[in-house]
Amino acid sequence: MSVLDVKQEIRQGDRLIPAADGQSLPAFFMMRKPEQPLAGTIIDTTSDLREFSSWDIVVLNKGQQDGLKAGYMFSISRQSPTVVDSSRGPVYMSDASKYQKIMGGIDGDRIEMPKEQIGELMVFKVAERTSFAIVTGTKKPIRVGDMIGDL
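All figures in this text were calculated on a predicted structure; none of them were measured in a lab.

**Student:** Describe in detail the pairing of strand S8 (residues 115–126), supporting the description with residues and values.
**Tutor:** Strand direction decides the pairing type here: strand S4 (residues 73–79) and S8, joined by 7 bridges, are antiparallel. Looking at S8, one finds that Ser75 is bridged to Glu120. Both S8 and strand S9 (residues 131–138) contribute to a ladder of 7 bridges, which runs antiparallel. Directly across from Glu120, in S9, lies its bridge partner Gly137.

**Student:** Please give an account of the packing of aromatic side chains that cites residues and values.
**Tutor:** The final tally for this structure, using the stated rule, is 2 aromatic pairs. Here the aromatic rings of Phe124 and Phe132 are separated by 6.3 Å at their centres, their planes lie at 35°, and the arrangement is tilted. On the accessibility criterion, Phe132 (32% relative accessible area) is partly exposed.

**Student:** Account for the pattern of salt bridges, with residues named and values stated.
**Tutor:** Following the criterion strictly, the structure yields 5 salt bridges and no others. One salt bridge connects Arg78 with Asp146, and the closest N-O pair in it is separated by 2.8 Å. Of this pair, Arg78 sits in strand S4 while Asp146 sits in the loop between strand S10 (142–143) and strand S11 (147–149); the two residues are 68 residues apart in sequence, bridging distant segments of the chain. With relative accessibility at 17%, the residue Arg78 sits in the buried group. A salt bridge links Glu116 to Lys140; its shortest N-O distance comes to 3.0 Å.

**Student:** Describe the nonpolar core, with residues and values.
**Tutor:** Among the nonpolar cores identified, the biggest contains 16 residues, and Ile42, Val58, Leu60, Phe74, Ile76, Leu121 and Ile142 are the most heavily contacted of them. Contributions of two or more residues to this core are made by strand S3 (57–60), S4, S8 and S9. Counting residues per element, this core draws most heavily on S8, which supplies 3 residues. Of all hydrophobic cores here, the second largest spans 5 residues; its members include Val84, Met93, Ala96 and Ile106.

The rules we used
Residues numbered from 1 in each chain as written. Predicted model: local features only at pLDDT ≥ 70, side-chain atom pairs only at ≥ 80, totals over all residues. Heavy atoms only, no water. Pairing = 2+ DSSP bridges. Helix = DSSP H or I, 4+ residues; strand = E, 2+ residues; numbered from the N terminus. Phe/Tyr/Trp six-rings, centres within 6.5 Å; stacked < 30°, edge-to-face > 60°. Buried < 20%, exposed > 50% of the residue type's maximum accessible area, 1.4 Å probe, protein only. Salt bridge = Lys/Arg side-chain N within 4 Å of Asp/Glu carboxyl O. Core = buried A, V, L, I, M, F, W, Y, C linked by side-chain atoms within 4.5 Å.

What is shown is where atoms sit, not what they do.
The structure is reproduced here in C-alpha cells:
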C-alpha cells in the first residue's frame with residue numbers, strides 16, 4: 001500500500017478498510033431530520049478515549065433496518081441524575097455515601113430529572129444494523145452510552 005493523499009494526520013492505530021464499489025462516501029450530505037421519530041444509543045467510538053467532542057466519529061446501534069439514512073441529524077442526550085429532596089436540601093443520589101446506599105439511599109422525595117441535551121450529530125455511513133456519525137456540536141463531553149433522538 002502507498003499513501004497518495006491525506007486529509008488529516010495518519011496515526012498509529014488508524015485502520016485501513018477496503019472501499020467496495022459504490023461504497024465510497026459522497027462529497028456532501030443533505031442534512032435533514034428523520035421522517036419518523038427514532039431513538040438509539042452511541043455504542044462505540046473510533047477513538048480510544050473515554051469522552052469525546054465535536055468532529056469525533058461515533059458508532060450508533062441503529063442502521064438501515066431502522067430506516068436510518070446518511071444525512072440524518074440527531075440530538076445527543078444524557079439522563080440527568082436523580083435528585084432527593086432531603087431534610088438538608090436537594091442531594092444527588094449519586095452523591096450518597098456507601099452507608100446511605102446500603103441502607104436504602106437518602107431519606108426524602110425522589111425527583112426524576114429530565115434528559116439533558118448535550119450535543120448533535122449527523123449520520124454519514126449506514127450499515128444494516130449500525131451506522132457511523134460525526135459529532136457536529138457539544139455542550140458537554142460525549143460518552144459511549146449517551147442517547148440519540150429527535151432534534
